[in-house]
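Now for the letters of each chain:
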Amino acid sequence: MTRFEQLKQREENLLCRTYGRYPVSVARAKGCKLWDIDGKEYLDLLAGIAVTSLGHCNDEISAVIAEQAQKLVHVSNLFYQEEQLELAEKLLETCHMDKVFFCNSGAEANEAAIKIARRYQQRVKNREAFEIITLDHAFHGRTLATLAATGQEKYLDGFAPKTEGFVQVAWNDIEALEKAINPKTAAIHLEIIQGEGGINCLSAEYLEKVQELCHKHEILFMVDEVQAGLCRTGKWWAFQHFNIKPDVITNAKALANGLPLGCMLTTNEVSQAFVPGSHATTFGGGALVTKVGAKVLEIMKRDNLCEQATQRGNYLEDKVMGLKSPWVKEVRGLGLMRGIQLTCTPESAKAIWDSLIEKGIIVNLTQGTVLRLIPALTVTEKELDYFIDTLAELLQKVEK
Ligand SMILES: *Cc1c(COP(=O)(O)O)cnc(C)c1O
């Protein structure tokens, strides 16, 4: 047995089998590079699922972690902590929001959004509204409520009954949404660009109409930017590509470059719904993670990573489309949140993905035939070229 096979066997005996793992065991990482337990090098264009946006083991981030770890790590939310305020100020500078709630993950950020929407309707507006409308192919997390918000059968399998109060409507279809709105509707929650769903971008027309409907029916407009937020799409927030102002934003993945931290941002109006005791978390927004988060935002701003994501993303799109391969239908997405839609069979797409890993390139394959790239925002053109050249070779080998 190789070392890798031994490790795999050990895991099978020890961990719940919740993950379909890639055939790689990562020992260390730096920037956009990973090394496995045998020292093989990989180019990582997945960045821990859009998490390590500043690259793995970023020197400045490592220094902040080390420094803060000696000063204050956790004391609970029974106490005031200046680190939270430092990050909140930086987050609120990026958009029109007024207030922040910190938590530990994307699912928790969405739980906070769902709870504030219900409580806002029920305690501030005195309406008996609780229903949250979400879209087909959405992904909002794996807790029982966010799973119901996600609404996809494959994730719900075996977990009945589905938590009450969530309805899904057809994606990018304004009539379907309008039909679903009723006196019990509290909010609409959607991803501007669906990540797990295969990099699907809602249209400007749709998003503006969603906002109109929300205003007309006095329901909240909430956007799940757990994946798309923080420069990923070329702006601080994906919704800022459009002429809309949501009432609630959720975020997590890139916020602390790999440490668990999530947040929910909202307006003064909506934030009235939460009073002391309404919602809480033991770990949420601890001093260590928020200190790191503040550094992440400082670096993103200082190094113009929004502009860089736009430039590198356009570079990738132009070069991949420039291959003029019959096996590439389109490159979807914005900035460095990209999906390459292949036209081959899922079997051929899987073979391409396998070969990429073999050649030391990590990307994600979703929805059968979409190669998803969500690399660090610091990825270089040279690194992207290596992927594009390798992809070109592999596409040429696909059978007609
Ligand atoms: C990853 C993701 C989540 C869930 O985040 P977790 O940290 O895994 O709970 C929710 N929404 C979107 C859009 C995501 O991409």
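If you're wondering where the values come from, they're calculated on a predicted model, not measured in any experiment. (Residues numbered from 1 in each chain as written. Predicted model: local features only at pLDDT ≥ 70, side-chain atom pairs only at ≥ 80, totals over all residues. Heavy atoms only, no water.)

S.K.: Looking at this structure, I do not really get the nonpolar core. What am I missing?
M.R.: Generally speaking, nonpolar side chains in soluble globular proteins are found buried as a group. Membership of the largest hydrophobic core comes to 96 residues, with the highest contact counts inside it found for Leu91, Leu190, Ile192, Met300, Ile340, Ile352 and Phe387. Residue contributions to this core peak at seven residues, all from helix H11 (residues 287-302). Look past the residues within four positions of Leu91 in its chain and what remains in contact with it is Val100, Phe102, Leu230, Trp237, Leu255, Cys263, Leu265 and Leu297. In this structure, Ile114, Ala117, Met264 and Phe274 belong to the second largest nonpolar core, which totals 24 residues. (Core = buried A, V, L, I, M, F, W, Y, C linked by side-chain atoms within 4.5 Å. Buried < 20%, exposed > 50% of the residue type's maximum accessible area, 1.4 Å probe, protein only. Helix = DSSP H or I, 4+ residues; strand = E, 2+ residues; numbered from the N terminus. Contact = heavy atoms within 4.5 Å.)

S.K.: Would you mind showing me how to read the packing of aromatic side chains here?
M.R.: To describe a pair of aromatic rings, one takes the distance between the centres and the angle between the planes. One pass over the full model with this rule turns up three aromatic pairs. Aromatic pair Tyr22 and Trp353: ring centres 4.7 Å apart, planes at 75 degrees, arrangement edge-to-face. One end of the pair, Tyr22, is in the loop between helix H1 (3-14) and strand S1 (26-30); the other, Trp353, is in helix H13 (residues 346-358), with 331 residues separating them in the sequence. You can call Tyr22 partly exposed: its relative accessible area is 24%. Taking 6.3 Å as the distance between ring centres and 70 degrees as the angle between the ring planes, the aromatic pair formed by Phe101 and Phe274 counts as edge-to-face. A residue pair is termed long-range when its members are at least 10 positions apart, and Phe101 in strand S4 (residues 99-103) and Phe274 in the loop between helix H10 (268-271) and H11 qualify at 173 residues. For Arg28, the ring lying beneath its charged end belongs to Trp35, and the centroid distance is 4.3 Å. (Phe/Tyr/Trp six-rings, centres within 6.5 Å; stacked < 30°, edge-to-face > 60°. Lys NZ or Arg CZ within 6 Å of the ring centre and 35° of its normal.)

S.K.: Explain the environment of Leu377 here, please?
M.R.: One can find Leu377 in the loop between strand S17 (370-373) and helix H14 (381-396). With ten residues separating them along the chain, Leu377 and Gln367 place their C-alpha atoms 24 Å apart. Among all residues touching Leu377, those that are not within four sequence positions of it are Ser53, Leu230, Cys231, Arg232, Met300, Leu305, Gln308, Ala309 and Leu336.

S.K.: I tried to follow the sheet that holds strand S13 (residues 328-334) on my own but got confused; where do I start?
M.R.: Note on sheets: strands pair through backbone hydrogen bonds, and any given pair is parallel or antiparallel. Read across the sheet, four strands follow the order S13-S14-S17-S16 without closing on themselves; strand pairing throughout is antiparallel. What marks the edges here is a single partner per strand, and that holds for S13 and strand S16 (364-366). For this sheet, the mean inter-axis angle between neighbouring strands, taken without regard to orientation, is 25 degrees. Across six bridges, S13 lies against strand S14 (residues 337-342) in antiparallel orientation. Bridge assignment links Glu330 to a residue of S14, and that residue is Gln341. Each of S14, S16 and S17 is contacted by H13, which is oriented at about 170 degrees to S16, the strand it contacts most. (Pairing = 2+ DSSP bridges. Axes fitted to C-alpha atoms, helices over the stretch in contact; angles between N-to-C directions.)

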